[in-house]
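# Results of the structural survey
Each chain, written out:
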Amino acid sequence: MFDKKTILLDLYSRLYKAFSPRHWWPGDSPFEVAVGAILTQNTAWRNVKKAVSNLKAKGLLSPHALYHLPVEDLEMVIRPAGYYNIKATRLKHFVHFLFQESAGDLARLLSEDVHTLRTKLLSINGIGPETADSILLYAGNKPTFVVDAYTVRILFRHNLIPEETPYDEVQSLFMDCLEPDAPMFNEYHALLVHVGNTFCLKTNPKCTECPARGWNNDE
Ligand code: SF4
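Residues numbered from 1 in each chain as written. Predicted model: local features only at pLDDT ≥ 70, side-chain atom pairs only at ≥ 80, totals over all residues. Heavy atoms only, no water.

## Re the nonpolar core
The condition is simple: Grouping buried Ala, Val, Leu, Ile, Met, Phe, Trp, Tyr and Cys residues that are joined through side-chain atoms within 4.5 Å yields what is termed a nonpolar core. Burial classes: relative accessible area under 20% of the type maximum marks a residue as buried, over 50% as exposed, and values in between as partly exposed (1.4 Å probe, protein chains only). Elements are defined by DSSP. Helices are runs of H or I of four residues or more, strands are runs of E of two residues or more, and each kind is numbered from the N terminus. Residue ranges labeled as domains rest on an automatic or database domain assignment. The contact criterion used throughout is that any non-hydrogen atoms of two residues lie within 4.5 Å.
Of all hydrophobic cores here, the largest spans 74 residues; its most connected members are Phe94 and Tyr188. At eight residues, helix α12 (residues 182–198) tops the list of elements feeding residues into this core. Each of two domains, domain 1 (4–23 + 145–217) and domain 2 (30–139), supplies a minimum of three residues to this core. Non-local contacts of Tyr188, meaning those with residues more than four positions away in its chain, are made with Leu8, Leu11, Tyr12, Phe145, Phe174 and Leu178.

Okay, structure coming up:
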């Protein structure tokens, strides 16, 4: 019987050997990463890429440009990302928050302490824990662990957590056991995403090909 730290490090080691480095999150700037984190909710990454490309092509991928763009115009540009009216409103909320907090300067905002900033991000309408943590970790290089549906599915299927475990409890499992290491958290989440969308499918998981097979004494 191993402790949870050993179990989590064992999974990381298996996945790292098989797939690293993942070079996640793709983006030319922290602002692009933050925009991607908001657009990726409930959609495939390929659709987010199209929406981000549209923003870039039109010279709109900056806090200043998005701040001044009417929400109806933003909806049309990010349409490929799906739920475009909701996501346009969320992006506007985020950008307004950015101007309110740091005059539109994301680097200045991200220089704040992680706990304070997380609380502030969660206060923005439409920004939930996964999006807030993605912004903190991947745009801000802050040591916070990102939990997504793949993380829960993999841990559940290997008998580490119940299926309906809340976000904060799953996050605490990682953050209480592992050192606060942003590059490692970055890589670990990226590896779980890769396993989730390649092997640990919702139906018919491909266990025989998966490097997590046998992890946590699971056969
Ligand atoms: S595909 Fe199978 S072995 Fe891989 S993480 Fe999912 S349940 Fe585990």
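## Some remarks on the pattern of salt bridges
Where side chains of opposite charge bring their charged atoms close, a pairing between them can arise. Put simply, the rule is: A pair is scored as a salt bridge if a Lys or Arg side-chain nitrogen falls within 4 Å of a carboxyl oxygen belonging to Asp or Glu.
Under the counting rule described, the total for this entry stands at seven salt bridges. Across the salt bridge formed by Glu32 and Lys56, the nearest N and O atoms sit 3.1 Å from each other. You can see Glu32 sitting in helix α2 (residues 30–39) and its partner Lys56 sitting in helix α3 (residues 45–57), a full 24 residues away along the chain. Taking relative accessible area as the criterion, Glu32 reaches 10% and is therefore assigned buried. Lys56 gets classed as partly exposed once you look at its relative accessible area, which sits at 38%. One continuous salt-bridge network, built from bridges that share partners, spans Asp28, Glu32 and Lys56.

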